[in-house]
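Descriptive structure summary
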Amino acid sequence: MATRLVQINMKAHDDAALGRFWAEALGWGIDSEGPGVTNLEPVGFTYPDPAAVCIDLIARPEPKTVKNRVHLDLATTSTAHQEELVARLKGLGATPVDVGQGDVPWTVMADPEGNEFCVLEPRPVYRDTGPIAAVVVDCTDPREMARFWGEAMDWTLHEVTDDSATMRSARGVGPYLEFLRTPDTKSGWNRVHLDVRPYPGADPAAEAARLRSLGATDPGIDQSAIHWTILADPEGNEFCLLTPA
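Quick caveat: nothing in here was measured; it's all calculated off a predicted structure.

The next point concerns the pattern of salt bridges. One pass over the structure, following the stated rule, counts twelve salt bridges. Ionic pairing is found between Asp128 and Arg168, a salt bridge with its closest N-O pair at 3.1 Å. Residue Asp128 is located in the loop between β8 (116-119) and β9 (132-139), and its partner Arg168 is located in strand β11 (residues 164-168); the two are separated by 40 residues in the primary sequence. The exposure class of Asp128 is partly exposed, given its relative accessible area of 43%. The residue Glu238 makes a salt bridge to Lys186 at a minimum N-O spacing of 2.9 Å. Placement of Glu238 in strand β15 (residues 238-241) and of Lys186 in the loop between β12 (176-181) and β13 (192-198) is noted, with a sequence separation of 52 residues between them. Judged by its relative accessible area of 8%, Glu238 falls in the buried class. Under the relative-accessibility criterion, Lys186 is labelled partly exposed at 26%. Taken together, the salt bridges that share partners define one network made up of Glu144, Arg147 and Glu151.

Following this line, the structure appears as structure tokens:
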């Protein structure tokens with residue numbers, strides 16, 4: 001059995017307002033499961049499908065205090081498109097930020113609640129990903145992260161070095177999942193994390209046990225009131241194992 005990446009989970013002080021920002025940024029539709037939960041996915045999309053990694057925004061009161069260890073890279077098709085997108089995002093409430101990137105061809109920004117993201121210069125590798133080029137995870141050991149996530153999911157590993165690793169859906173569609181070596185260490189709970197889902201017919205308990213055998217750990221919180229399982233990858237990044245679908 002295996003899982004696949006279906007969405008990212010993003011904590012928000014105002015999930016509805018932040019949802020409107022990201023829906024406008026990506027050109028996606030908005031839905032809601034109820035108060036405090038806003039769902040974003042492409043218009044006309046049938047969930048789950050590897051053609052897109054959706055976004056769930058969940059209302060939480062805790063303040064953002066450190067740089068997120070998971071962020072989005074947005075794709076562009078030309079230098080003019082990059083400039084136009086940066087200007088449009090500023091108009092929606094995003095701001096340029098300095099995270100120590102130096103002189104780079106991409107633009108680092110933060111959404112209205114301070115969540116970092118990048119607007120990339122045009123790169124051929126991302127020409128068919130949709131608006132999200134990649135979901136990027138900071139880490140200390142890209143090779144180990146590629147090993148764990150390559151076995152946890154049925155995604156294809158495209159490249160791995162000491163500094164980065166890149167994966168994509170086995171169908172060759174949708175955004176990439178990238179692991180980048182950074183000097184920072186994890187501090188506190190991640191405000192943005194990955195959600196993975198087994199395929200129909202899978203046994204959730206058996207899948208959770210399989211992930212633990214690969215190196216996942218339990219974060220040590222009460223999960224009796226939820227119907228999914230919260231685990232952490234080998235570097236302590238929380239992720240949710242959702243019910244099969």
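There is more to say, and it comes next.
Here we come to the sheet that holds strand β2 (residues 29-34). Taking strand neighbours across the sheet as the criterion, the seven strands line up as β2-β3-β4-β1-β13-β15-β14 in an open arrangement whose pairing is mixed. Here the strands that pair on one side only, and so sit at the sheet edges, are β2 and β14 (229-232). Strand-to-strand twist of the sheet, defined as the mean angle between neighbouring strand axes without regard to direction, takes the value 30°. As judged from the seven bridges shared by strand β1 (residues 3-12) and β13, these two strands associate in the antiparallel manner. Across the sheet, residue Arg4 finds its bridge partner in β13, namely Arg197. Together, β1, β2, β3 (37-41) and β4 (54-59) form the strand contacts of helix α1 (residues 15-26), whose direction differs from that of β3 by roughly 5°.

Before going further, it helps to spend a moment on the pairing of β12. In this structure, β9 lies alongside β12, joined through six bridges in parallel fashion. Looking at β12, one finds that Val136 is bridged to Glu178. Bridge count for β11 against β12 is five bridges, and the pairing is antiparallel. Directly across from Ser164, in β12, lies its bridge partner Leu180.

Conventions adopted
- Residues numbered from 1 in each chain as written.
- Predicted model: local features only at pLDDT ≥ 70, side-chain atom pairs only at ≥ 80, totals over all residues.
- Heavy atoms only, no water.
- Salt bridge = Lys/Arg side-chain N within 4 Å of Asp/Glu carboxyl O.
- Helix = DSSP H or I, 4+ residues; strand = E, 2+ residues; numbered from the N terminus.
- Buried < 20%, exposed > 50% of the residue type's maximum accessible area, 1.4 Å probe, protein only.
- Pairing = 2+ DSSP bridges.
- Axes fitted to C-alpha atoms, helices over the stretch in contact; angles between N-to-C directions.
- Contact = heavy atoms within 4.5 Å.

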